[in-house]
Amino acid sequence: MQTMDPQVRAYLDMVAASGIPPIQELTPAQARQNTENAAPLLAGPPPPLHRVENRELAGVPVRVYAPDLQAPMPVLAWFHGGGWVIGSLDTHDALCRRLAAAAGCMVVSVDYRMAPEHRFPAAVDDCWAVTGWLAEHGREIGADPQRLAVGGDSAGGNLAAVMALRARDAGLGLRLQLLVYPVTDADLDTPSSLRNATGYGLTRDGMAWFWDHYVPDLAGRAHPDAAPLRAASLAGTAPAHVVVCELDPLLDEGEAYARRLEAEGVPVRLQRYPGMIHGFVRMFAVIDRSHDLMEEMAGALKEAF
């Protein structure tokens, strides 16, 4: 029996009362603007941090978050969520600030190219360019290339999982892949996708809209750089910390990915949040359990580093 956290209920009621159309009825520009407008209301004021700067790494725009620690410091390459279509450095600014402070590490948030203007594999290529740069040149910005992790939420979790696969194949050592309710496959007919199809924020139709913009070619969605659950092998990838939510269409594919990692010998910790919905990692101002998740992510990074 599924139960819903009261704060989640209040948030969903607020969204329903706003009258904003579902994402599949919007253009990408409209969906992006709605996301940008909502982000500060959900996250609250961004906490101060010792150093926050925009720059380019390997030709890709990034935002670097660094606490007041001696360099070189461990570093997390972070890939924001938003179905490869929406979301930005700004929508995830409060999250990255909090994570850098709580984990005691540098966070490099990647402003990868997004669909439909730049379809698959543009986002993958940008994220890999930054990950590779950090592994080779991280000391130039005060990061320790030997203590490098990747992470992201939703589509960003997808990109982080793909980075872990690419890193394995390139012989690049990562300390952790931090996957927060990740997209791991394009199957929209899993039990959780059908059970949680509507009423919980992210919808099944919404996921179809994202996939249609990112990888419109149905055959292309089976490529492991788009659907890491389809990779021939996950063995040898970085240790993983996987977060899933009970009331999320993506629940099953996240748990399936964790099970495969474990079955193929990868150290993995799976954390399931009952009563929670997709997207809650950024809702510090409206859902208290987002703070619990922040502590969990910070702890996983500290342990890995």
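Keep in mind the model is a prediction, meaning the values are calculated, not measured. (Residues numbered from 1 in each chain as written. Predicted model: local features only at pLDDT ≥ 70, side-chain atom pairs only at ≥ 80, totals over all residues. Heavy atoms only, no water.)

Asker: Describe in detail the layout of surface pockets, supporting the description with residues and values.
Answerer: The volume enclosed by the largest pocket comes to roughly 1300 Å³. Of all the elements in the fold, those that place two or more residues in the lining of the largest pocket are α1 (6-18), α2 (28-43) and α7 (204-214). Grouping the amino acids of the lining of the largest pocket by side-chain chemistry returns 24 nonpolar, 19 polar and five charged. (1 Å grid on protein atoms, 1.4 Å probe; cavity = no way out; pocket = protein on both sides within 12 Å on 5 of 7 lines; lining within 4 Å. Points joined across faces, edges and corners; volume = space filled by probe spheres on them. Helix = DSSP H or I, 4+ residues; strand = E, 2+ residues; numbered from the N terminus. Nonpolar A, V, L, I, M, F, W, Y, C, P; charged D, E, K, R; others polar.)

Asker: Can you lay out the packing of helix α4 (residues 122-137) against helix α5 (residues 155-170) for me, pointing to particular residues and giving the numbers?
Answerer: Relative orientation of the contacting elements α4 and α5 amounts to 55 degrees, with a least axis distance of 10 Å. With respect to each other, α4 and α5 are oriented oblique. Once α4 is placed against α5, the crossing between them reads as right-handed. Contact with α4, carried on its side by Ala123, Val124, Asp125, Cys127, Trp128 and Thr131, involves Leu159, Val162, Met163, Arg166, Ala167 and Ala170 of α5 and no other residues of that element. Taken together, the residues of the contact of α4 with α5 sort by class into nine nonpolar, one polar and two charged. (Axes fitted to C-alpha atoms, helices over the stretch in contact; angles between N-to-C directions. Parallel < 35°, antiparallel > 145°, perpendicular 65-115°, else oblique. Left-handed = near helix turned anticlockwise from the far one by under 90°. Contact = heavy atoms within 4.5 Å.)

Asker: Please give an account of the packing of helix α3 (residues 93-103) against helix α9 (residues 289-304) that cites residues and values.
Answerer: Running from N to C, α3 and α9 point in directions that differ by 50 degrees, and their axes come no closer than 9 Å. Comparing the axis directions of α3 and α9 gives the class oblique. Read as a crossing pair, α3 and α9 show a hand that is right-handed. Two secondary-structure elements touch here, α3 through Leu95, Arg98, Leu99, Ala102 and Ala103 and α9 through His291, Met294, Met297, Ala298, Leu301 and Lys302.

Asker: Any details on unusual backbone geometry? Residues and values, ideally.
Answerer: For the bond from Ala71 to Pro72, the omega torsion is 0 degrees, close enough to zero to count as cis. When you line up the elements, Pro72 lands in the loop between β2 (60-66) and β3 (73-79). The omega torsion of the bond from Phe120 to Pro121 falls at 10 degrees, within 30 degrees of zero and hence cis. In this structure, Pro121 sits in the loop between β4 (106-110) and α4. The phi dihedral of Ala58 falls on the positive side, at around 55 degrees, and the residue is not glycine. Counting through the fold element by element, Ala58 comes out in the loop between β1 (51-57) and β2. Relative accessible area serves as the criterion here: at 44%, Ala58 is assigned to the partly exposed category. Of note, the phi angle at Trp84 is positive, near 65 degrees, even though the residue is not glycine. Within the secondary structure layout, Trp84 lies in the loop between β3 and α3. (Buried < 20%, exposed > 50% of the residue type's maximum accessible area, 1.4 Å probe, protein only.)

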